[in-house]
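# Per-entry structural report
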Amino acid sequence: MLRQFLAARFTRNHRRRRPDSVRSNRSISFFPKAVSRAFSLALPLALAVAAAGCSSVPLKESGTLTSYSHLGPAKGKLSKSRVYVDGLSLAPIKTVAIEPTSFAFSAASRVKSLADRAMVSNALDRALCISLSDRYQMVAPGQQADLTIRSVVTDIVPTNKTMAGVSTVVTVGTGLALPVGVPRLPVGLGGLAVEAEAVDKSGAQRAAMVWARGANSLQNNPRVSEVGDAYGLAAKFSSDFSRMLVSGKEPKGLDLRLPSRQRMKSWLGGKPKYVACDAFGREPGLVGAVAANYGAPPQWTEKKPKPAAAH
(Lines give C-alpha, C1' and ligand atoms only; values in the text may rest on other atoms or scores of the structure.)
Protein backbone atom coordinates (compact mmCIF):
# COMPACT_ATOMS: atom_id res chain seq x y z
CA MET A 1 0.00 0.00 0.00
CA LEU A 2 2.78 2.43 0.91
CA ARG A 3 4.58 1.72 -2.33
CA GLN A 4 1.40 2.30 -4.36
CA PHE A 5 0.67 5.54 -2.46
CA LEU A 6 4.15 6.94 -3.13
CA ALA A 7 3.98 5.96 -6.78
CA ALA A 8 0.63 7.68 -7.23
CA ARG A 9 1.85 10.80 -5.39
CA PHE A 10 4.93 11.02 -7.62
CA THR A 11 2.77 10.67 -10.74
CA ARG A 12 0.43 13.50 -9.66
CA ASN A 13 3.31 15.84 -8.77
CA HIS A 14 5.09 15.13 -12.03
CA ARG A 15 1.97 15.88 -14.04
CA ARG A 16 1.32 19.06 -12.06
CA ARG A 17 4.82 20.42 -12.60
CA ARG A 18 5.08 19.52 -16.23
CA PRO A 19 3.15 22.52 -17.68
CA ASP A 20 5.39 24.96 -15.76
CA SER A 21 8.45 23.18 -17.02
CA VAL A 22 7.19 23.29 -20.56
CA ARG A 23 6.37 26.99 -20.30
CA SER A 24 9.81 27.68 -18.86
CA ASN A 25 11.52 25.82 -21.67
CA ARG A 26 9.42 27.65 -24.19
CA SER A 27 10.36 31.06 -22.71
CA ILE A 28 14.03 30.10 -22.60
CA SER A 29 13.97 28.96 -26.22
CA PHE A 30 12.13 32.12 -27.23
CA PHE A 31 14.76 34.50 -25.77
CA PRO A 32 17.65 33.57 -28.10
CA LYS A 33 15.25 33.77 -31.05
CA ALA A 34 14.19 37.28 -30.05
CA VAL A 35 17.80 38.36 -29.67
CA SER A 36 18.70 36.82 -33.01
CA ARG A 37 15.76 38.55 -34.69
CA ALA A 38 16.71 41.92 -33.18
CA PHE A 39 20.33 41.46 -34.25
CA SER A 40 19.30 40.55 -37.81
CA LEU A 41 17.23 43.73 -38.03
CA ALA A 42 19.74 46.05 -36.37
CA LEU A 43 22.88 44.94 -38.21
CA PRO A 44 21.71 45.82 -41.76
CA LEU A 45 20.43 49.16 -40.48
CA ALA A 46 23.76 49.87 -38.79
CA LEU A 47 25.71 49.01 -41.93
CA ALA A 48 23.40 51.06 -44.17
CA VAL A 49 23.69 54.13 -41.96
CA ALA A 50 27.47 53.76 -41.71
CA ALA A 51 27.85 53.45 -45.47
CA ALA A 52 25.77 56.56 -46.11
CA GLY A 53 27.27 58.74 -43.39
CA CYS A 54 30.50 60.44 -44.37
CA SER A 55 31.31 64.14 -44.55
CA SER A 56 33.28 65.20 -47.62
CA VAL A 57 36.12 67.71 -47.16
CA PRO A 58 38.21 68.65 -50.22
CA LEU A 59 41.96 69.16 -50.12
CA LYS A 60 42.68 72.85 -49.79
CA GLU A 61 45.86 74.94 -50.18
CA SER A 62 46.19 78.19 -48.25
CA GLY A 63 49.57 79.26 -49.64
CA THR A 64 51.46 78.88 -46.34
CA LEU A 65 53.85 76.10 -47.40
CA THR A 66 57.33 76.96 -48.61
CA SER A 67 56.61 74.99 -51.77
CA TYR A 68 53.82 72.86 -53.25
CA SER A 69 55.80 71.72 -56.28
CA HIS A 70 57.15 68.55 -54.64
CA LEU A 71 53.77 67.25 -53.48
CA GLY A 72 52.60 64.03 -55.08
CA PRO A 73 49.10 63.30 -56.44
CA ALA A 74 46.11 63.09 -54.12
CA LYS A 75 45.63 59.67 -52.54
CA GLY A 76 43.42 58.02 -49.94
CA LYS A 77 39.76 57.30 -49.30
CA LEU A 78 38.90 58.25 -45.73
CA SER A 79 41.84 60.63 -45.39
CA LYS A 80 42.86 62.34 -48.62
CA SER A 81 46.38 63.72 -48.86
CA ARG A 82 49.20 64.95 -51.05
CA VAL A 83 52.64 64.39 -49.53
CA TYR A 84 56.32 65.01 -49.99
CA VAL A 85 59.06 63.54 -47.82
CA ASP A 86 62.87 63.58 -48.14
CA GLY A 87 63.75 60.47 -46.17
CA LEU A 88 67.52 60.81 -46.56
CA SER A 89 67.54 64.35 -45.15
CA LEU A 90 65.33 63.30 -42.21
CA ALA A 91 67.54 60.36 -41.21
CA PRO A 92 70.10 62.37 -39.14
CA ILE A 93 67.49 64.61 -37.48
CA LYS A 94 67.62 64.55 -33.66
CA THR A 95 65.73 67.58 -32.34
CA VAL A 96 62.31 68.86 -33.42
CA ALA A 97 60.30 71.96 -32.51
CA ILE A 98 56.57 72.48 -33.15
CA GLU A 99 55.24 75.94 -33.83
CA PRO A 100 51.65 76.33 -32.55
CA THR A 101 49.13 75.53 -35.28
CA SER A 102 47.37 78.52 -36.80
CA PHE A 103 44.12 78.94 -38.74
CA ALA A 104 43.79 80.26 -42.27
CA PHE A 105 41.34 83.16 -42.45
CA SER A 106 38.71 81.14 -44.31
CA ALA A 107 38.86 78.37 -41.69
CA ALA A 108 38.85 80.78 -38.73
CA SER A 109 35.73 82.49 -40.07
CA ARG A 110 33.80 79.21 -39.85
CA VAL A 111 34.48 78.82 -36.11
CA LYS A 112 34.05 82.15 -34.37
CA SER A 113 35.08 81.01 -30.89
CA LEU A 114 38.78 81.66 -30.30
CA ALA A 115 38.73 79.13 -27.45
CA ASP A 116 37.38 76.41 -29.76
CA ARG A 117 40.02 77.13 -32.40
CA ALA A 118 42.78 77.07 -29.78
CA MET A 119 41.48 73.75 -28.46
CA VAL A 120 41.65 72.14 -31.92
CA SER A 121 45.15 73.57 -32.48
CA ASN A 122 46.40 72.30 -29.15
CA ALA A 123 44.90 68.84 -29.73
CA LEU A 124 46.73 68.65 -33.08
CA ASP A 125 50.07 69.88 -31.71
CA ARG A 126 49.88 67.73 -28.59
CA ALA A 127 49.20 64.55 -30.56
CA LEU A 128 52.02 65.43 -32.95
CA CYS A 129 54.47 66.15 -30.11
CA ILE A 130 53.67 62.92 -28.27
CA SER A 131 53.94 60.79 -31.41
CA LEU A 132 57.24 62.32 -32.51
CA SER A 133 58.67 61.81 -29.01
CA ASP A 134 59.12 58.12 -29.85
CA ARG A 135 62.06 59.04 -32.08
CA TYR A 136 63.04 62.69 -31.67
CA GLN A 137 63.92 64.98 -28.80
CA MET A 138 61.20 67.61 -28.69
CA VAL A 139 62.20 71.18 -27.86
CA ALA A 140 60.14 74.33 -27.37
CA PRO A 141 59.52 76.75 -30.27
CA GLY A 142 62.29 79.32 -30.49
CA GLN A 143 64.95 76.93 -29.23
CA GLN A 144 67.55 75.58 -31.60
CA ALA A 145 66.19 72.52 -33.44
CA ASP A 146 67.23 70.43 -36.43
CA LEU A 147 63.66 70.49 -37.73
CA THR A 148 60.70 72.83 -37.22
CA ILE A 149 57.09 71.87 -37.93
CA ARG A 150 54.50 74.41 -39.04
CA SER A 151 50.82 73.48 -39.42
CA VAL A 152 47.84 75.48 -40.65
CA VAL A 153 44.16 74.53 -40.48
CA THR A 154 43.00 75.37 -44.00
CA ASP A 155 39.36 74.36 -43.64
CA ILE A 156 36.97 73.19 -40.96
CA VAL A 157 33.42 71.90 -41.30
CA PRO A 158 31.55 72.67 -38.07
CA THR A 159 29.66 69.85 -36.37
CA ASN A 160 25.91 70.33 -36.02
CA LYS A 161 25.51 70.25 -32.23
CA THR A 162 21.79 69.45 -32.31
CA MET A 163 22.20 66.45 -34.60
CA ALA A 164 25.22 65.29 -32.61
CA GLY A 165 23.02 65.23 -29.51
CA VAL A 166 20.27 63.30 -31.30
CA SER A 167 22.81 60.83 -32.66
CA THR A 168 24.22 60.25 -29.19
CA VAL A 169 20.78 59.43 -27.80
CA VAL A 170 20.01 57.06 -30.67
CA THR A 171 23.40 55.32 -30.57
CA VAL A 172 23.57 54.90 -26.80
CA GLY A 173 19.90 53.96 -26.55
CA THR A 174 19.99 51.26 -29.20
CA GLY A 175 23.27 49.96 -27.79
CA LEU A 176 21.51 49.33 -24.48
CA ALA A 177 18.39 47.79 -26.04
CA LEU A 178 19.89 45.76 -28.88
CA PRO A 179 22.95 43.52 -29.35
CA VAL A 180 24.41 46.11 -31.74
CA GLY A 181 23.99 49.87 -31.53
CA VAL A 182 22.92 51.93 -34.53
CA PRO A 183 25.88 54.01 -35.79
CA ARG A 184 25.86 57.77 -35.77
CA LEU A 185 23.22 59.42 -37.92
CA PRO A 186 24.71 60.66 -41.23
CA VAL A 187 23.61 64.26 -40.66
CA GLY A 188 25.58 67.27 -39.43
CA LEU A 189 29.00 65.61 -39.66
CA GLY A 190 32.07 67.82 -39.37
CA GLY A 191 35.48 67.75 -41.02
CA LEU A 192 39.00 69.14 -41.05
CA ALA A 193 41.67 70.11 -43.59
CA VAL A 194 45.28 70.83 -42.66
CA GLU A 195 48.53 71.58 -44.43
CA ALA A 196 51.90 71.22 -42.70
CA GLU A 197 55.59 71.16 -43.45
CA ALA A 198 58.86 70.36 -41.72
CA VAL A 199 61.79 72.65 -42.50
CA ASP A 200 65.41 72.32 -41.48
CA LYS A 201 67.73 74.96 -40.00
CA SER A 202 68.33 76.51 -43.41
CA GLY A 203 64.60 76.79 -44.08
CA ALA A 204 64.59 74.02 -46.69
CA GLN A 205 61.41 71.95 -46.84
CA ARG A 206 62.10 68.33 -45.90
CA ALA A 207 58.53 67.07 -45.66
CA ALA A 208 55.07 68.43 -46.40
CA MET A 209 51.47 67.26 -46.39
CA VAL A 210 48.14 68.66 -47.56
CA TRP A 211 45.46 66.61 -45.79
CA ALA A 212 41.67 66.49 -45.45
CA ARG A 213 39.18 64.19 -43.79
CA GLY A 214 35.50 64.24 -42.93
CA ALA A 215 33.87 62.50 -39.99
CA ASN A 216 31.93 59.32 -40.70
CA SER A 217 29.12 57.48 -38.95
CA LEU A 218 31.16 54.43 -37.98
CA GLN A 219 34.45 55.78 -36.66
CA ASN A 220 33.70 59.19 -35.15
CA ASN A 221 31.63 59.60 -31.99
CA PRO A 222 29.15 62.47 -32.12
CA ARG A 223 30.07 65.19 -29.64
CA VAL A 224 27.85 68.16 -28.81
CA SER A 225 30.31 70.83 -29.90
CA GLU A 226 30.80 72.89 -33.03
CA VAL A 227 34.37 71.55 -33.23
CA GLY A 228 33.58 68.07 -31.89
CA ASP A 229 34.64 66.31 -35.10
CA ALA A 230 37.54 68.64 -35.89
CA TYR A 231 38.92 68.00 -32.40
CA GLY A 232 38.99 64.25 -32.97
CA LEU A 233 40.26 64.47 -36.54
CA ALA A 234 43.17 66.67 -35.47
CA ALA A 235 44.74 63.60 -33.87
CA LYS A 236 44.21 61.64 -37.11
CA PHE A 237 46.19 64.20 -39.07
CA SER A 238 48.95 64.22 -36.45
CA SER A 239 49.20 60.44 -36.65
CA ASP A 240 49.61 60.49 -40.45
CA PHE A 241 52.14 63.34 -40.44
CA SER A 242 54.24 61.91 -37.59
CA ARG A 243 54.33 58.46 -39.23
CA MET A 244 55.71 60.08 -42.38
CA LEU A 245 58.45 61.92 -40.50
CA VAL A 246 59.47 58.95 -38.35
CA SER A 247 59.55 56.44 -41.22
CA GLY A 248 60.90 58.87 -43.81
CA LYS A 249 58.32 57.71 -46.36
CA GLU A 250 54.69 58.15 -47.32
CA PRO A 251 52.33 56.52 -44.78
CA LYS A 252 50.23 53.71 -46.21
CA GLY A 253 47.35 51.76 -44.71
CA LEU A 254 46.50 51.44 -41.04
CA ASP A 255 49.14 51.80 -38.37
CA LEU A 256 48.99 48.41 -36.65
CA ARG A 257 51.93 48.98 -34.33
CA LEU A 258 51.31 48.91 -30.59
CA PRO A 259 51.73 52.34 -28.97
CA SER A 260 54.91 52.88 -26.97
CA ARG A 261 54.91 53.13 -23.19
CA GLN A 262 55.43 56.90 -23.25
CA ARG A 263 52.51 57.34 -25.63
CA MET A 264 50.21 55.24 -23.43
CA LYS A 265 51.27 57.23 -20.37
CA SER A 266 50.61 60.52 -22.15
CA TRP A 267 47.26 59.28 -23.50
CA LEU A 268 46.18 58.49 -19.94
CA GLY A 269 46.89 62.09 -18.98
CA GLY A 270 50.34 61.53 -17.50
CA LYS A 271 53.49 63.58 -17.85
CA PRO A 272 54.85 63.56 -21.43
CA LYS A 273 58.35 62.37 -22.27
CA TYR A 274 59.53 65.93 -23.03
CA VAL A 275 58.58 69.16 -21.25
CA ALA A 276 58.03 70.85 -24.62
CA CYS A 277 54.88 68.74 -25.13
CA ASP A 278 53.39 70.05 -21.89
CA ALA A 279 52.98 73.44 -23.59
CA PHE A 280 50.03 71.92 -25.48
CA GLY A 281 48.26 70.56 -22.42
CA ARG A 282 47.70 67.04 -21.13
CA GLU A 283 45.45 64.40 -22.69
CA PRO A 284 42.00 64.03 -21.04
CA GLY A 285 42.73 60.30 -20.57
CA LEU A 286 40.06 57.79 -19.57
CA VAL A 287 37.68 60.51 -18.41
CA GLY A 288 37.84 62.04 -21.88
CA ALA A 289 37.27 58.66 -23.54
CA VAL A 290 34.16 57.99 -21.45
CA ALA A 291 32.86 61.51 -22.08
CA ALA A 292 33.34 61.05 -25.84
CA ASN A 293 31.29 57.85 -25.80
CA TYR A 294 28.37 59.77 -24.32
CA GLY A 295 28.63 62.80 -26.60
CA ALA A 296 30.01 65.27 -24.05
CA PRO A 297 31.74 68.32 -25.57
CA PRO A 298 35.54 68.07 -25.53
CA GLN A 299 35.57 71.42 -23.71
CA TRP A 300 34.35 69.60 -20.58
CA THR A 301 37.42 67.40 -20.24
CA GLU A 302 40.14 69.22 -22.19
CA LYS A 303 42.90 70.44 -19.93
CA LYS A 304 44.10 73.98 -20.51
CA PRO A 305 47.58 74.33 -22.01
CA LYS A 306 50.26 76.44 -20.44
CA PRO A 307 50.44 80.10 -21.60
CA ALA A 308 53.32 79.31 -23.97
CA ALA A 309 50.90 77.57 -26.34
CA ALA A 310 48.23 80.27 -26.28
CA HIS A 311 47.16 81.76 -29.63
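Everything discussed here concerns the structure shown above.
Everything numeric in this text was worked out from a predicted model, so none of it was measured.

The secondary structure content of the protein chain amounts to nine helices and seven strands. For the protein chain, contacts bridging at least 24 residues in sequence account for 77% of all contacts bridging at least 6.

A few words on the packing of helix H4 (residues 114-132) against helix H6 (residues 228-247). Between H4 and H6, the shortest axis-to-axis distance is 8 Å and the interhelical angle comes to 30°. Taken together, H4 and H6 sit at an angle that is classed as roughly parallel. For the crossing formed where H4 meets H6, the hand is right-handed. For the pair formed by H4 and H6, the contact residues are Met119, Val120, Ala123, Leu124, Arg126, Ala127, Leu128, Ser131 and Leu132 on the first element and Ala230, Tyr231, Ala234, Ala235, Phe237, Ser238, Phe241, Ser242, Leu245 and Val246 on the second. Grouping the amino acids of the contact of H4 with H6 by side-chain chemistry returns 15 nonpolar, three polar and one charged.

Turning next to helix H9 (residues 285-293). Taken together, the buried positions of H9 are occupied by Gly285, Gly288, Ala291 and Ala292. In an axial view of H9, the angular spread of the buried residues amounts to 105°, which keeps them on one side of the axis. Exposed residues pointing more than 90 degrees away from the buried face of H9 are listed as Leu286 and Val287. If you follow the buried residues of H9, they end up packed against helix H7 (261-267). Directly after H9, the chain includes Gly295, whose backbone phi takes a positive value near 80°.

Under the counting rule described, the total for this entry stands at two aromatic pairs. When the ring of Trp211 is compared with that of Phe237, the centres are 5.5 Å apart and the planes differ by 70°; the resulting orientation is edge-to-face. In this pair, Trp211 sits in strand E7 (residues 205-214) while Phe237 sits in helix H6, placing the two residues 26 residues apart along the sequence. Measuring from ring centre to ring centre gives 5.7 Å for Phe237 and Phe241, while their planes differ by 20°; the resulting arrangement is stacked. One end of the pair is Phe237 and the other is Phe241, both in helix H6 and four residues apart, which spans about a single turn. Overall, Phe237 belongs to the buried group, its relative accessible area being 0%. Here Phe241 falls in the buried class, since its relative accessible area comes to 0%. Through a chain of ring-to-ring contacts, the aromatic side chains of Trp211, Phe237 and Phe241 assemble into a single cluster.

The rules behind these values
Residues numbered from 1 in each chain as written. Predicted model: local features only at pLDDT ≥ 70, side-chain atom pairs only at ≥ 80, totals over all residues. Heavy atoms only, no water. Helix = DSSP H or I, 4+ residues; strand = E, 2+ residues; numbered from the N terminus. Contact = heavy atoms within 4.5 Å. Axes fitted to C-alpha atoms, helices over the stretch in contact; angles between N-to-C directions. Parallel < 35°, antiparallel > 145°, perpendicular 65-115°, else oblique. Left-handed = near helix turned anticlockwise from the far one by under 90°. Nonpolar A, V, L, I, M, F, W, Y, C, P; charged D, E, K, R; others polar. Buried < 20%, exposed > 50% of the residue type's maximum accessible area, 1.4 Å probe, protein only. Arc of directions from axis to C-beta. Phe/Tyr/Trp six-rings, centres within 6.5 Å; stacked < 30°, edge-to-face > 60°.

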